[in-house]
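# Examining the three-dimensional arrangement
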Amino acid sequence: MSAFDKQPENNNFLSPLGFRFIVKKLPIVNFYCQSASLPSVSLQETEIPNPLVRIPLAGTKLTYAPLDIRFRVDEDMKNYLEVYNWMTGMGTPEDSKEYTDLNKTGGSRPTAGTGKMGNVMQGVFSDGGLVILTSAQNANIRINFVDLYPINLSPLQFDVTGTDVAYLEADATFNYRQFTVASA
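Residues numbered from 1 in each chain as written. Predicted model: local features only at pLDDT ≥ 70, side-chain atom pairs only at ≥ 80, totals over all residues. Heavy atoms only, no water.

## Digging into the packing of aromatic side chains
All chains considered together, the criterion is met by nine aromatic pairs. Measuring from centroid to centroid gives 5.1 Å for Phe 31 and Tyr 32, while their planes differ by 85°, and the two rings are edge-to-face. Given the relative accessible area of 29%, Tyr 32 is considered partly exposed. Sitting over the ring of Trp 86, Lys 25 keeps its end group 5.3 Å from the ring centre. (Phe/Tyr/Trp six-rings, centres within 6.5 Å; stacked < 30°, edge-to-face > 60°. Buried < 20%, exposed > 50% of the residue type's maximum accessible area, 1.4 Å probe, protein only. Lys NZ or Arg CZ within 6 Å of the ring centre and 35° of its normal.)

Dropping the structure here:
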């Protein structure tokens, strides 16, 4: 049997419309998510020293690009504030209550850290997922993001000079430790 005799089992193409974004700490953002990109992954390269020719070898360390999503902001800005409050709880809490609230929100679980630091950091991270749907809108593949946390939240541009109502959308960027791919 040659390589030309083997035919694909599924002839359907992947649609960019079929996905669901899920982060336990962000239930309202999940509902209003408009777009999400599956981040790139790169493998570091190493070289064998040689005076004549460059000899590249595959490295041993993967580097994951940040996860970017876009969501439509609701009228009460609850979804925007979900991300904002998560970030302020991690970065510049004004009082201990903001940091305590960070640990009370969904998704807090023991992290890879151990000892007291692992317990202190458990509310900072949340696992998340990108569920990719089939052409029949059934869950097909789940991309699991481990130890996800927000690093950027875009500005909201208000403008009274517009002629049509273009509802506001926000972009959020997340870092994470790694992602895995599994059947849904």
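## Focus: a nonpolar patch on the surface
Taken together, the side chains of Val 41, Leu 43 and Leu 62 define a hydrophobic patch exposed on the protein surface, amounting to about 250 Å² of accessible area. Within the secondary structure, Leu 62 sits in strand β4 (residues 55–64). (Patch = residues over 30% accessible without salt bridge, like charges linked within 9 Å, V, L, I, M, F, W, Y side chains within 5 Å. Areas by Shrake-Rupley, 256 points an atom, 1.4 Å probe, with all protein chains shown as cover. Salt bridge = Lys/Arg side-chain N within 4 Å of Asp/Glu carboxyl O. Helix = DSSP H or I, 4+ residues; strand = E, 2+ residues; numbered from the N terminus.)

## What to know about the pattern of salt bridges
Counted by the stated rule, this structure contains six salt bridges. Here Glu 169 makes a salt bridge to Arg 72, at a shortest N to O gap of 3.0 Å. Taken together, the positions of Glu 169 in strand β8 (residues 169–175) and Arg 72 in strand β5 (residues 67–72) put the pair 97 residues apart, joining distant regions of the chain. Glu 169 sits in the partly exposed class, given a relative accessible area of 29%. A salt bridge links Asp 147 to Arg 177; the nearest nitrogen and oxygen atoms lie 3.1 Å apart. On the criterion of sequence distance, the pair formed by Asp 147 in strand β7 (residues 139–153) and Arg 177 in the loop between β8 and β9 (178–183) is long-range, its members being 30 residues apart. Owing to a relative accessible area of 6%, Asp 147 belongs among the buried residues under this scheme.

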